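Given next are the chains, with one letter for each unit.
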Amino acid sequence: MTTVRERNESAWLLPNDGSRTNHRLRADMRRFADSDTVDLVVVGCGAGGSTLLQRLARHGWRVVGLDAGPFWDPDADWVSDEAGSHHLYWTEPRVISGADPVPMGSNNSGRGVGGSMVHYAGYTPRFHPSDFATRTNDGVGADWPIGYQDLRPYYEDIEQELPVAGEDWPWGDPHGYPQRPHPVGGNGEIFLRGAYAAGITAKVGPVAISNGRFGNRPHCVYRGFCLQGCKVNAKASPLITHIPDALAHGAEIRANAMITGIGFDERTGRATGVHYIRGGVPRFQRAAAVAVAGYSIETPRLLLNSASRRFPDGLCNDFDQVGRYLMVQGAPQTAGRFDAEVRMYKSPPPEVSTEEFYETDPAQPYKRGFSIQTVSPLPITWAEHVAAQGHWGARLRRYMSDYVHWSCLGALCEFLAQPGNRVTLAEEKDRYGLPVASFSYSQCDNDKRLMRAAQGVMERILRAAGADEVITIDRYAHLVGGARMAADERHGVVDRDCRSFAVPNLYITDGSVLPTQGSANPALTIMAVSARAAAHLAAGGR
Amino acid sequence: MSGRTGGPRGTGSAGAAPRISHATGDRFPGFDVLAQSGHWDAVTAGVVLSRVGRPPDIRFFTPAEEAAATALCDRLLGQDDGEPKVEVVPSIDARLAEQQTDGWRYADMPQDGQAWRDTLRFLDSDSRDACSRDFALAPADDQRAVIQAVQDLGAKDWHGLNAAHVWSLWTRYACTAFYAHPSAWNEIGFPGPAYPRGYKNPGVNAREPFEVADAAPADDPVDGKDR
């Protein structure tokens, strides 16, 4: 059994002098030429891409990770401020439609090295064993071509590498966490008190924020700005959990490189590398294999924008599977008002959760379920919640002046995969001249029932804690699917090892391969799936 | 709001942020976010203090649009009682000039900049129909009536647009600009930036030495007439 540090030295490669970036490691980074045929080029350096890079660099592969955004320095680039963090999000244009359009941007789209995990809250629950066979067990969603046991060792590895803090976890496959739970703030206190009074089990965690020093990463200072990028280096993102180790093992990170297409050889039927634009200059990186990890909107968009004679409707799109079965989680957010001061901004938003309603309950008129977590919005996001009640003008200001008295919970409802919820190409083009993504979403009846059921439980918890009023905003969270893994090419884009059915040296290693989503935040599972794909590649898949 | 943009502007003296709570009452008397600005990291201080300095010049809106946008945002944000107030239109204008959108638009809406131009023009048109004056020149009560009529449409059509999507556009931009300002934070008791200092006293009814207790804890907006 190896220690975390022997497997992944990232936390020890960060500086211990109060600054957050190892500039020497970046300056000394190995650099490849476009004409070098690297072993693997990875598109996107978020949860999936970074994990893959780190694993394969450790195995001696010559790997390059390209990302459309910057190679962040938390000291210089991030602020302890909501509106000033706009640059953390993917804000290139996208068009949303359908019966229930899903807003993008700050809520669910990352940019730059570290990806969405730079601004995710930090919740890292595992999926439950039931998530991998919802079609068989519940008659909804899809069965995965792998099971929970296939991912379990990777879950355990990643939980140690992030590391994750939390109480012993009683749900799904019961397990413990490498770090003890964080102390909770006002919002977590309310949740625990209300859940106890309502007879609902709630637990502190699981949160990928180091509780105590980890390597050279300092402990959390409980400043509450997790969603604005952690300036402390306490909250895990691949920028600090996997990229430093990847660099130390010879990987190159090429930031500010917008990938515009995947090279394809009509004669051999293989991918040849990636077209990208950097500093306005079109370039092409040659590679023996390509892994796409651009997440559920940009990955399908890139495949659709990579049409060829062999693939007139987009790369790997022989059976019209690319872009389909995209999922968001229904994320209604319910707040309760207390005469006491809660001051929910003081502590990380991720504190306490319950998965008691995660599984199908035969007594309910819906399949699958939801989880509930603390969310703790800062003022701008809180204003959105208040404005959604229809308040404006003097009444909006009065409501907002009451901010310190509110506690806020959020649910994650397992919306079901549907073929019509998908990415296609819009007529509108971005500044590179590429068609932007059009994302259509419509809820099914099961989705809508879950939203209302979750709201009901959140209201119960808050009222049990003593709230005299509750207000709810219907929101969405997270993205998965869009290029899902399946047993065969008629039902998905990649196989159980994340290899595309259509192109033997093309892999997809991000959230878009997930066939279902459970009611869990997806980051940990995306990393685990990517780590598993890396093990397959290292074992001879090259 | 526009702290990362534009040329050199005043970064403020870090004196007290103006009190704007004429209407809500001063629930956190003496609380001043900027009093802690010496404890903020320099990058954050640069971004936040730029918001209390001179606002960026208008580049995107025409003068007529600027006037309508100012009236619209002041009514939406309840800035009805004169100065001092938070100037939100310059930061909305800066975002639109730089195409700093939220990263998406509804398929049935134009791009954000055009949507702002179109909807401000529609406000003028509705206002002229109602009281024969451009929106910006109408009395505040008339302005509120025009705005309320848009909200009351729900998702119905308003000048060829989905009124709910218009409402979303206006309130998103206006609230983001307003609740990014230290004066607004003073009003709601929020201390703003917290790095590298962090918090030492989280928990219900626990305060840091620099936080101020709500002077009207029972002033519950959901009680009585507001509901």
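Provided above is the structure to which this section pertains.
Analysis parameters
- Residues numbered from 1 in each chain as written.
- Chains lettered and ligands numbered in written order.
- Predicted model: local features only at pLDDT ≥ 70, side-chain atom pairs only at ≥ 80, totals over all residues.
- Heavy atoms only, no water.
- Buried < 20%, exposed > 50% of the residue type's maximum accessible area, 1.4 Å probe, protein only.
- Helix = DSSP H or I, 4+ residues; strand = E, 2+ residues; numbered from the N terminus.
- Pairing = 2+ DSSP bridges.
- Phe/Tyr/Trp six-rings, centres within 6.5 Å; stacked < 30°, edge-to-face > 60°.
- Core = buried A, V, L, I, M, F, W, Y, C linked by side-chain atoms within 4.5 Å.
- Contact = heavy atoms within 4.5 Å.
- Axes fitted to C-alpha atoms, helices over the stretch in contact; angles between N-to-C directions.
- Salt bridge = Lys/Arg side-chain N within 4 Å of Asp/Glu carboxyl O.
- Polar contact = N/O pair within 3.5 Å; in protein donor to acceptor, adjacent residues only side chain to side chain.
- Expected span 1.5 Å × (residues − 1).

With respect to the pairing of strand β14 (residues 406-413) of chain A
Residues and elements named next belong to chain A. Counting buried positions along β14 gives 8 out of 8 residues, so the element sits mostly inside the fold. Covered by surrounding structure in β14 are Trp406, Cys408, Gly410 and Leu412 together with Ser407, Leu409, Ala411 and Cys413, the residues of both alternating faces. Taken together, the 5 bridges between strand β11 (residues 333-337) and β14 define a ladder with antiparallel strand orientation. Its bridge partner lying in β14, Thr334 is registered against Leu409. For strand β13 (residues 370-374) and β14, the ladder comprises 5 bridges, and the chain directions are antiparallel. Bridged to Thr374 within β14 is Leu409.

Things to note about the packing of aromatic side chains
The geometry of an aromatic ring pair is captured by the separation of the ring centres together with the interplanar angle, meaning the angle of the planes. All told, the structure shown has 32 aromatic pairs over all chains when counted by the stated rule. Between Phe178 of chain B and Tyr179 of chain B, the aromatic rings sit 4.8 Å apart at their centres with planes inclined by 85°, giving edge-to-face as the arrangement. The buried category is assigned to Phe178 of chain B, whose relative accessible area is 0%. Residue Tyr179 of chain B is classed as buried on the basis of its relative accessible area of 1%. Put simply, the rings of Phe225, Tyr345, Trp382, Tyr399, Tyr403 and Trp406 of chain A together with Trp185, Phe190 and Tyr199 of chain B pair up and form one aromatic cluster.

Side note on the nonpolar core
Counting 184 residues, the largest nonpolar core has Phe370, Trp382 and Phe439 of chain A together with Trp116 and Trp170 of chain B as its most contacted members. Residue contributions to this core peak at 10 residues, all from helix α6 (residues 163-178) of chain B. Once you skip the residues sitting within four places of it in the chain, Phe439 of chain A turns out to touch Val95, Ile96, Ser97, Val102, Met104, Ile297, Leu326, Val328, Arg422, Val423 and Leu479 of chain A. Counting 31 residues, the second largest nonpolar core, distinct from the first, contains Val42, Phe71, Trp72 and Val118 of chain A.

Things to note about the pairing of strand β18 (residues 476-480) of chain A
Residue and element names in this part refer to chain A. With 5 of its 5 residues buried, β18 lies for the most part within the structure. Across 3 bridges, strand β10 (residues 327-330) lies against β18 in antiparallel orientation. Residue pairing across strands places Gln329 opposite Ala477, the latter belonging to β18.

Brief notes about the sheet that holds strand β9 (residues 290-292) of chain A
Working definition: the strands of a sheet are paired by backbone hydrogen bonds and lie parallel or antiparallel to each other. All names here are of chain A. Read across the open sheet, the 5 strands follow the order β5-β2-β1-β9-β19; overall the sheet is parallel. The open sheet has two free edges, formed respectively by β5 (252-254) and β19 (506-508), since each of these has just one partner strand. With strand direction ignored, the average angle separating the axes of adjacent strands in the sheet is 20°. Bridging between β9 and β19 involves 3 bridges; their strand directions are parallel. Counted as the bridge partner of Val290 is Leu506 from β19. Seen against the sheet, helix α11 (residues 295-304) touches β1 (40-43), β9 and β19 and runs at an angle of roughly 155° to β19.

Things to note about the pattern of salt bridges
The final tally for this structure, using the stated rule, is 51 salt bridges over all chains. For Glu211 of chain B, the salt bridge identified is with Arg343 of chain A, shortest N-O distance 3.9 Å. You can see Glu211 of chain B sitting in the segment after α7 (182-188) and its partner Arg343 of chain A sitting in the loop between β11 and β12 (352-354), one on each of two chains. In this pair, the class of Glu211 of chain B matches that of Arg343 of chain A, namely buried. The shortest N-O distance in the salt bridge between Arg368 of chain A and Glu359 of chain A comes to 3.6 Å.

Some thoughts on the side chain of Glu414 of chain A
Residue and element names in this part refer to chain A. Structurally, Glu414 can be placed in the loop between β14 and β15 (422-429). At 2.9 Å, the side chain of Glu414 forms a polar contact with the side chain of Arg368. Among residues more than four places away in sequence, those in contact with Glu414 are Asp131, Thr134, Arg368, Gly369, Asp447, Leu450, Thr516, Gln517, Gly518 and Ser519.

Details of helix α3 (residues 89-97) of chain B
Residues and elements named next belong to chain B. Taken across its 9 residues, α3 has 8 buried, putting it largely inside the fold. Turning to α3, its buried residues number three or more, namely Val89, Pro90, Ser91, Ile92, Asp93, Ala94, Arg95 and Leu96. For α3, the secondary structure elements touched by its buried residues are α2 (63-76), α4 (112-131) and α6. Positive phi shows up at Gln99, right after α3, with a value of about 55°.

Things to note about α2 of chain B
Counting along an α-helix, one turn takes 3.6 residues, and residues three or four places apart therefore face a common direction. The terminal C-alpha atoms of α2 of chain B lie 20 Å apart, and with 14 residues this matches the ideal 20 Å at 1.5 Å per residue to within 8%. Of all the positions in α2 of chain B, only Glu65, Ala68, Ala69, Ala71, Leu72, Cys73, Asp74, Arg75 and Leu76 of chain B are classed as buried. Structurally, α2 of chain B contributes buried residues whose contacts are with α13 (394-400) of chain A together with α3, α4, α5 (140-152) and α6 of chain B. Two residues or fewer after α2 of chain B comes Gly78 of chain B, characterised by a positive phi angle close to 65°.

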